[in-house]
Amino acid sequence: MAGCLVGYFIRKNIAEKKIRSAEHLAEKILIDAKKTAETSKKELLLEAKEEVLKLRNAVEKENRDRRNEIQRAERRLVQKEEMLDRKSVNLDLKEEKIYKKIKGIDEKKKEIDLMYDKEIAKLEEVSALTSAEAKQILLNNVRKEIKYESAKMIKEIESKAKDEAEKKAKEIIAYSIQRCAADHVAETTITVVNLPNDEMKGRIIGREGRNIRTIETLTGIDLIIDDTPEAVILSGFNPIRREIARIALERLIVDGRIHPTRIEEMVEKATQEVDNSIREEGEQAAFDMGVYGLHPELIKLLGRLKYRTSYGQNVLNHSLEVASLAGIMAAELGVDIKLAKRAGLLHDIGKALDREIEGTHVEIGMDLLKKYRESKQVIHAMSTHHGDYEPETVEAILVTAADAISAARPGARRESLETYIKRLDRLEKIANAFEGVERTFAIQAGREIRIIVQPEIYSDADIVLLARNISKNVEAELEYPGQIKINVIREIRAVDYAK
C-alpha cells in the first residue's frame, strides 16, 4: 500500500509537470498565434487600405470623366439651343414672308379671276357664243382630230403588221397547201345499179311488188325503176343506208334468187360489210395521220365520215386535209404537231351523228370527245374552228386556219343557188345599212364586197374605221367558209368642159 501511495504521488507529480509543461506550451502557442494574427491583421488592413485607395482613385477618375463628358454634352446642348433659337427666329421671319406672299397671291388671283371673267364676257360678246357653246365646239374639233389621228394610227399599225405577218403567213399556208393534196368528192343523193337486162327489173319488183317493198323497208332507201335501160336508181339522203342497199341489190342480182327471205340475208350481210368498211376507213385515216390511241368508238365515227358530205365536200377527206395542213403549219411554227393533227382529224367528228342527235356538230363533237376521254387540249383545239369559242392555244388557231383553207379551196365546196344568192344579198344589205354608203357590190362569188361611199361624208381616214365596222357586222351576222374582203372606195371626180 505504501508502494502504491508512493507510486501514486510520483505519477501525480509527473502528471502535474506534464500539465504545466503543456499549459506553458499552450500559452506560448497562443502568444505566437496572437502575434501571427496581429501580423496578418496588419497585413490585411494594409492590403484593404491599398485596395480602397485604388478603388477610390478609379471612382474619382470615372467621376472626373463623367463630369467632363457631361460638361461637353451641356456645351453641345447649349449650342444646339442657340442654333434652334436662331432657326426659330429665321422660320418666323420666313413664315411672315410666306404669309405676305400668299396674301399677295390671293389678291392677284382675285384680280386674275376678275380679268378672266371680263375677258370671257368680251369673248362671248365678240363671238356671239356662250362659254358652253364654245366648249362644245372645241370638244367637237378635238374629237375630230382624235378620230383622224386614231384612224391614221390604226392604218399605220395595220400596214406594218400586214407587211411583217402577211408574208410569213402566206409562205406557211402556201407551203402547207403544196404539201397537202386531197381529192374532192361531189355530194350525191342517188346511186345507180346496173342490171344485166331489163327482165331483172320485174324480178326486183316481185309479185305484187313484195320484193321492192322488202328492200325499201329493210334499207330505208327508195328504188326508182323507170324507163332507164338496164339500170335501177337508189335514192336516199343517208349515204350509209344507200351503200347497204347497193351492195345487197348487186349481190341479189348476181345470185339470182330474189325473194323476201334472201333479201333479208343479203341486207344483213351488206350491213356487216359496211360496218367493217367503216371501221377500216377510220383505222386507215388514223394510221395515215399518225394519230394513235383513239377509242374504238371514235375510230368507227371517224369511218362514218366517209359517207358524210358537207356542201358537196367529203367530210373524211376534209378532216384528213385539215389534219395534214395543221400538222405542217405546226411544224413550221415549232408547236405540238401531234396535238394539231389529232385535233384537226377530230374537228368534225360531230358530223357523224349530227343527223341523229340535236345540236351543232361542234357541241356534239365536244361531248363525244369528253365521253371517250380525249385531252382538254384536243377538245379546246377542235371546239374553236367555227368561232364558237375563243382560241387560247396556237394549235387551236392552226386547226381553225386549216379548216378555212380546206373549205375555201376552189372546188372544195359548193352551195345551192338559193343559199348562194341569199348570202350575196345579205352581204350587200349589211354594207348598205351604214350611213353615207352610195353603192355596194358583192363580187368574186361573195369573197369580196366593194363599197363606194360619198366623199363629202367620209374622209380618207374615216373609211378605215368604216371597213372595220362593216367586217365586224359581217362576222357577227353571216356564216361562210374562208374570209370575205371588205373593200371601201372613196372617190372624188372633177369634171370640166373646154369650150
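Quick note: structure is the one above.
Predicted model only: the values in this text are computed from it and were never measured.

Draft legend 1. Structural context of the overall build of the protein chain. Scanning the protein chain from terminus to terminus reveals 14 helices and eight strands. Considering the protein chain as a whole, with its 499 residues, one finds that 30% of them fall into the buried category. Put simply, of all contacts in the protein chain between residues at least 6 apart along the chain, 61% involve residues at least 24 apart. Carbon and sulfur atoms provide 54% of the accessible area of the protein chain, an area that totals close to 34400 Å².

Draft legend 2. Representation of the packing of helix α4 (residues 210–219) against helix α6 (residues 260–289). In the contact formed by α4 and α6, the axes pass within 9 Å of each other and the chain directions differ by 30°. As the angle between them shows, α4 and α6 are arranged roughly parallel. The handedness of the crossing between α4 and α6 comes out as right-handed. Residues Arg210, Asn211, Thr214, Ile215, Leu218 and Thr219 of α4 lie in contact with α6, whose contacting residues are Pro260, Ile263, Glu264 and Val267. The residue makeup of the contact of α4 with α6, split by class, is five nonpolar, three polar and two charged.

Draft legend 3. Region of the structure containing the nonpolar core. One finds Ile349 and Leu369 to be the most contacted residues of the largest nonpolar core, which totals 42 residues. Contributions of two or more residues to this core are made by α6, α7 (296–304), α8 (315–333), α9 (337–346), α10 (361–371), α11 (376–383) and α12 (394–408). Filtering out sequence-adjacent residues up to four positions away, Leu369 remains in contact with Leu298, Leu346, Ile349, Glu374, Val378, Ile379 and Met382. In terms of nonpolar packing, the next biggest core, distinct from the first, is built from 26 residues, Ile215, Ile247, Ile253 and Ile278 among them.

Draft legend 4. Structural detail: the environment of Pro260. Here Pro260 is to be found in helix α6. The exposure class of Pro260 is partly exposed, given its relative accessible area of 23%. Pro260 sits 46 residues away from Thr214 along the chain, and the two C-alpha atoms are 6.2 Å apart. Pro260 has contacts with Arg210, Asn211 and Thr214, leaving out every residue within four places of it along the chain.

Draft legend 5. Layout of a positive patch on the surface. A contiguous patch of positive charge, built from Arg72, Arg75, Arg76 and Lys80, is present on the exposed surface. Among the structural elements, Lys80 can be located in helix α1 (residues 2–127).

Draft legend 6. Structural context of the side chain of Thr440. Assignment of secondary structure puts Thr440 in strand β6 (residues 437–443). Overall, the relative accessible area of 9% leaves Thr440 in the buried class. Side chain to side chain, Thr440 and Asn432 meet in a polar contact 2.6 Å long. Not counting residues up to four positions away in its chain, the partners in contact with Thr440 are Glu428, Ala431, Asn432, Ile449, Arg450 and Ile451.

Draft legend 7. Representation of unusual backbone geometry within the structure. In this structure, Glu208 takes a positive phi of about 55° despite not being glycine. Relative to the helices and strands, Glu208 is located in the loop between α3 (199–205) and α4. If you check the backbone angles, Arg373 has positive phi at about 60° while not being a glycine.

Conventions adopted
- Residues numbered from 1 in each chain as written.
- Predicted model: local features only at pLDDT ≥ 70, side-chain atom pairs only at ≥ 80, totals over all residues.
- Heavy atoms only, no water.
- Helix = DSSP H or I, 4+ residues; strand = E, 2+ residues; numbered from the N terminus.
- Buried < 20%, exposed > 50% of the residue type's maximum accessible area, 1.4 Å probe, protein only.
- Contact = heavy atoms within 4.5 Å.
- Areas by Shrake-Rupley, 256 points an atom, 1.4 Å probe, with all protein chains shown as cover.
- Axes fitted to C-alpha atoms, helices over the stretch in contact; angles between N-to-C directions.
- Parallel < 35°, antiparallel > 145°, perpendicular 65-115°, else oblique.
- Left-handed = near helix turned anticlockwise from the far one by under 90°.
- Nonpolar A, V, L, I, M, F, W, Y, C, P; charged D, E, K, R; others polar.
- Core = buried A, V, L, I, M, F, W, Y, C linked by side-chain atoms within 4.5 Å.
- Patch = residues over 30% accessible without salt bridge, like charges linked within 9 Å, V, L, I, M, F, W, Y side chains within 5 Å.
- Salt bridge = Lys/Arg side-chain N within 4 Å of Asp/Glu carboxyl O.
- Lys, Arg positive; Asp, Glu negative; His and termini not counted.
- Charge placed at Lys NZ, Arg CZ, Asp CG, Glu CD.
- Polar contact = N/O pair within 3.5 Å; in protein donor to acceptor, adjacent residues only side chain to side chain.

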